[in-house]
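So you can see what is in the structure, the chains are spelled out below.
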Amino acid sequence: MMRRDFLKFAFSSALASSGALAAHFASAGQAAPAGHGAGLTRAEAAARAVAARDARAWHAARRMVPTSVGRIAVVERGKDPQAALFLHGLPLNSFQWRGAVARLAPHRRCIAPDFLGLGHSEPAAGARLDPDSQAAMLAELLDQLGVGKVDMIASDSGGAVAQIFLVRYPQRVRSLLLANCDTEIDCPPPAMLPVIDLAKQGRFASEWLEPWLADKDKARSAEGLGGLCYARPAALADEVFEAYLRPLVEHPERLHGYITALERNVLQGIRPALQASTAPVRVLWGMADDIFLPRGADYLEQAFGNGQGVRRIAGAKLFWPEERPELLAQEALALWRARA
């Protein structure tokens, strides 16, 4: 296989909607009316319209919280005394969680930050971007927000941070809901290694993200971010790619720092601490994900001292929580009720 073809495959294994999407699935076979985009179904056109609206609202709601390691971009919804913390992965930011937050805000104070190096957070000079340091940042962020315990929801590289946070700050975690993510046996997953190599050379943003940002149809294609990581890429609005990729392309040094910090297996040897944890942990795993393979779900099924089982989701790719927020919210509420 040619090196560039291999990198394309590797990236598909390295990267991995809105609320109106599910409501329109029934009409997915119908053509969209004029003005909704050539070849789009009604469901896809509706999803794009809602995502565009959500992107504007999310941007308007974002605020910057100062910490010792930088200014952290955060969106909050809900006023419940109990809080939920949402952790995204690469190359996304907190916008990933908009659908889940909309459903869970009546039940929790939902806190969705951008990691240092991704999204709109601004690392201080010399700030470390590795998962251990991200976990410490989250503890400081929660202190700044006056939050003690949280119910955590995490996916992708955010799942590694969540596991570290769980064992480092066990008194601060009521429960943990994990989607496809790093595990001790795949941290980083093997297909990330060529991506890390590109990031170390300072080439990843320009060679992969910039072309997608310039051509949203390419981003939705089978070889783009949409086709690689979403089951329904045609439903992704241009504004979704702008929300995720624009801040990374504008600050590639942050992105490359985040990626290269994933080279070390930060979960090596963590299993005894996970076994000792008493917080209930539920795992939801998309089985069509080519990045975090099913063996990760098998590992996590036995890893936690208070594991609440694994739900394997047929046909779901890496970023399924964004496409199926209703499923994520149902599982979160069930886990929280069991903990009450």
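Residues numbered from 1 in each chain as written. Predicted model: local features only at pLDDT ≥ 70, side-chain atom pairs only at ≥ 80, totals over all residues. Heavy atoms only, no water.

> Tell me about the confidence of the model for the chain, and please be specific about residues and values.
Predicted confidence across the chain gives a mean pLDDT of 90, with 89% of residues reaching 70 or more. The secondary-structure element of the chain with the lowest mean pLDDT is helix α2 (residues 20-23), recorded at 34, while strand β3 (residues 83-87) shows the highest, at 99. In this model residues 1-36 is a low-confidence stretch, pLDDT under 50, and it forms 86 contacts with partners more than four residues away in sequence or in other chains. (pLDDT = per-residue confidence, 0-100. Helix = DSSP H or I, 4+ residues; strand = E, 2+ residues; numbered from the N terminus. Contact = heavy atoms within 4.5 Å.)

> Which residues make up the environment of Met192, and what values do they have?
Mapped onto the secondary structure, Met192 falls in helix α7 (residues 192-200). Measuring from C-alpha to C-alpha, the distance between Met192 and Leu262 comes to 8.8 Å, with 70 residues separating the pair along the chain.

> Could you give an account of the packing of aromatic side chains, naming the residues involved and the relevant values?
Here the structure, examined in full by the defined rule, presents seven aromatic pairs. When the centroid spacing of 6.5 Å and the interplanar angle of 35° are considered together, the rings of Phe115 and Tyr258 count as tilted. Taken together, the residues span a long stretch of sequence, with Phe115 in the loop between β4 (109-113) and β5 (122-123) and Tyr258 in helix α12 (residues 252-260) at a distance of 143 residues. The two residues Phe115 and Tyr258 agree in class, both being buried. Its end group placed over the ring of Phe95, Arg98 keeps NZ or CZ at 3.9 Å from the ring centre. One Lys or Arg, Arg108, reaches over the ring of Trp336 and ends 4.3 Å from the middle of that ring. (Phe/Tyr/Trp six-rings, centres within 6.5 Å; stacked < 30°, edge-to-face > 60°. Buried < 20%, exposed > 50% of the residue type's maximum accessible area, 1.4 Å probe, protein only. Lys NZ or Arg CZ within 6 Å of the ring centre and 35° of its normal.)

> Let's hear about α12: which residues, and what values?
By the burial criterion, the buried members of α12 are Arg254, Leu255, His256, Tyr258 and Ile259. The inward-facing, buried residues of α12 contact β5, α5 (131-144), α6 (157-168), α7, α8 (204-214) and α11 (238-250).

> Describe unusual backbone geometry, listing the residues and the values that go with them.
Residue Pro91 is bonded to the preceding Leu90 through a cis peptide linkage, with omega at 0°. With respect to the helices, strands and loops of the structure, Pro91 is situated in the loop between β3 and α4 (98-104). That bond from Cys187 to Pro188 is cis: its omega, -5°, falls within 30 degrees of zero. Inspection of the secondary structure puts Pro188 in the loop between β7 (173-181) and α7. Notably, Asp156 is not glycine yet its phi reads approximately 55°, a positive angle. In this fold, Asp156 is placed in strand β6 (residues 150-156). Classification of Asp156 as buried rests on a relative accessible area of 2%.

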